[in-house]
Each structure stands twice: as C-alpha cells, then as structure tokens.
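# Remarks on the overall topology
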Amino acid sequence: RHTLPYRLDHAPLKLMPLLHGEVDDLYRGLRARAATDARLQEALAAFENAWDRQSVDWSQINAKEAIRTASLLAENMLVSASNGRDNEFSRALTRMRNGNRFPSNDFANIFDRAYTFANNYPNIRHPGDAACVKRDLRKEDAVLSALVFIGLSACVHDLCGEEA
C-alpha cells in the first residue's frame, strides 16, 4: 500500500497536495539548490547521513547529531542566500532582515530561535547550558527540529530564487 502525496476532492473536483507531498517538494528544491554549491552539498550529505543513523538507531547522541547537522545546513543555506561568509549566521540573518527577505521579523525570529536552541541545548552544537534542559530529547523533537531547519533552508532557497 502506498500513500500518495495528493488527495482527490470531489466537490469541486480538485487534486490537492497533502502535507508530506509539500514537504517532499521543499526537500527536492533544497537538494537542487545544494547541488549547485559544494559547501551546501557537503552540509546536506552530513545531514542525510546523520538522519539515516538516528532513524535506524535512535539515541540521544544520534538525535543530537541529526539536529546539529540540520542546523548547520540551515546556517549554510542562510549564509549562501545572503552572500555571506562561513560562521556568520547572525550577520547573515541581519542582512536578510534588512533586505526585507522575510515576510516579517517574527518569521525571521524562527531562524534565530531554532539556532539558539541548537546552540544552547547541551551537546548539539556546543557544550550548551544544562540549566535550559527541561527533559531529554524524544524522537519527535528530532523530527520537529529537522523539519524546522529543513523547511527554513528551503524557504531561504525560495526567497533567493524569487530574486533571480
């Protein structure tokens, strides 16, 4: 049995994309963008490898690695879209805010908050702050974090593509 990324509405007759179909489209766009840049290709490959590991052998360590590599991919996409340099997430985000590349500053804050989480939660990107931990990560936390970072990466790609 296969789940198609669309449903057929009868009144009026219309083919409607489902959420997982939309996510698949975003990911395809992300892969196409990454294929044009060696640094993005490397970041995407690292995320995909980490995601495979946590999918097969879920653990705190593997979940943190999947979140870490997803956040690095998002950072690389953001820096690339803003014509920035390595390791300058905050400046890249500011350039995109100042260039009105987001529908609102609240939307841009999603990048900032997700990045802050990955930096502050212990042993994702840095030693972090144990005081911020309310509980251990669960599998759905890794999935949600990956969706946020991958979705934001694809958003940056789409924003960048509109100006081309």
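What comes next is a walk through the structure. Not measured: the values here are computed from a predicted model.

### With respect to unusual backbone geometry
Of note, N100 is a non-glycine position whose phi angle comes to about 55°, a positive value. Tracing the chain through its elements places N100 in the loop between α4 (89–98) and α5 (105–120). Its identity is not glycine, yet N123 carries a phi of approximately 65°, on the positive side. Its location among the elements puts N123 in the loop between α5 and α6 (139–162). With relative accessibility at 55%, the residue N123 sits in the exposed group.

### Things to note about the nonpolar core
In terms of nonpolar packing, the biggest core is built from 21 residues, with L30, L44, F47, I67, L73 and F149 touching the most fellow members. Secondary structure elements with two or more residues in this core: α1 (19–34), α2 (38–56), α3 (60–81), α5 and α6. At six residues, the largest contribution of residues to this core is made by α3. With residues up to four places along the chain from it excluded, the contact list for F149 reads I67, A70, S71, A74, A114, Y115 and A118.

### Examining the side chain of S80
Among the structural elements, S80 can be located in helix α3. Classification of S80 as buried rests on a relative accessible area of 12%. Here the side chain of S80 touches R33 through a polar contact of 2.7 Å, side chain to side chain. Residue contacts for S80: discarding those within four places in its chain leaves R33, D37, R39 and L40.

### Side note on α4
Taken as a whole, α4 has its buried residues at F89, A92, L93 and M96. Viewed end-on, α4 has its buried residues packed into an arc of 100°, placing them on one side of the element. Across α4 from its buried face, at more than 90 degrees, point the exposed residues R91 and N98. N100 sits one or two residues past α4 and shows a positive phi near 55°.

### Some remarks on the packing of aromatic side chains
Counted according to the given criterion, the structure contains five aromatic pairs. Consider the rings of F47 and W51, whose centres lie 5.9 Å apart with planes at 35°: the pair is tilted. Within this pair, F47 and its partner W51 are both found in helix α2, separated by four residues, close to a single helical turn. What makes F47 buried here is its relative accessible area of 5%. What links up through ring pairs into an aromatic cluster is the set F102, F107 and F111.

Rules used in this analysis
Starting afresh in each chain, residues are numbered from 1 along the sequence in its written order. Residues qualify for local features only when their pLDDT is at least 70, as the model is predicted, and side-chain atom pairs are given and counted only at 80 or more; totals for whole chains, interfaces and linings, by contrast, use all residues. Values reported for side chains reflect all heavy atoms of the structure, with hydrogen atoms and water molecules removed beforehand. To qualify as a helix, a DSSP run of H or I must reach at least 4 residues; to qualify as a strand, a run of E must reach at least 2; elements of each kind are numbered from the N terminus. Between buried and exposed lies partly exposed: a residue is buried under 20% and exposed over 50% of the maximum accessible area for its type, with that area taken using a 1.4 Å probe on protein chains only. The definition of a nonpolar core used throughout is a set of buried Ala, Val, Leu, Ile, Met, Phe, Trp, Tyr and Cys residues joined through side-chain atoms within 4.5 Å. Contacts between residues were defined by any pair of non-hydrogen atoms, one from each residue, lying within 4.5 Å. Side-chain atoms alone can form a polar contact between residues adjacent in sequence; in general such a contact is a pair of N or O atoms within 3.5 Å, and within protein one must be able to donate a hydrogen while the other accepts it. By arc we mean the arc of the directions from the helix axis to the C-beta atoms, nothing more. Each Phe, Tyr or Trp ring (for Trp, its six-membered ring) is paired with any other whose centre lies within 6.5 Å, and the angle between the two planes then decides the class: stacked below 30 degrees, edge-to-face above 60, tilted in between.

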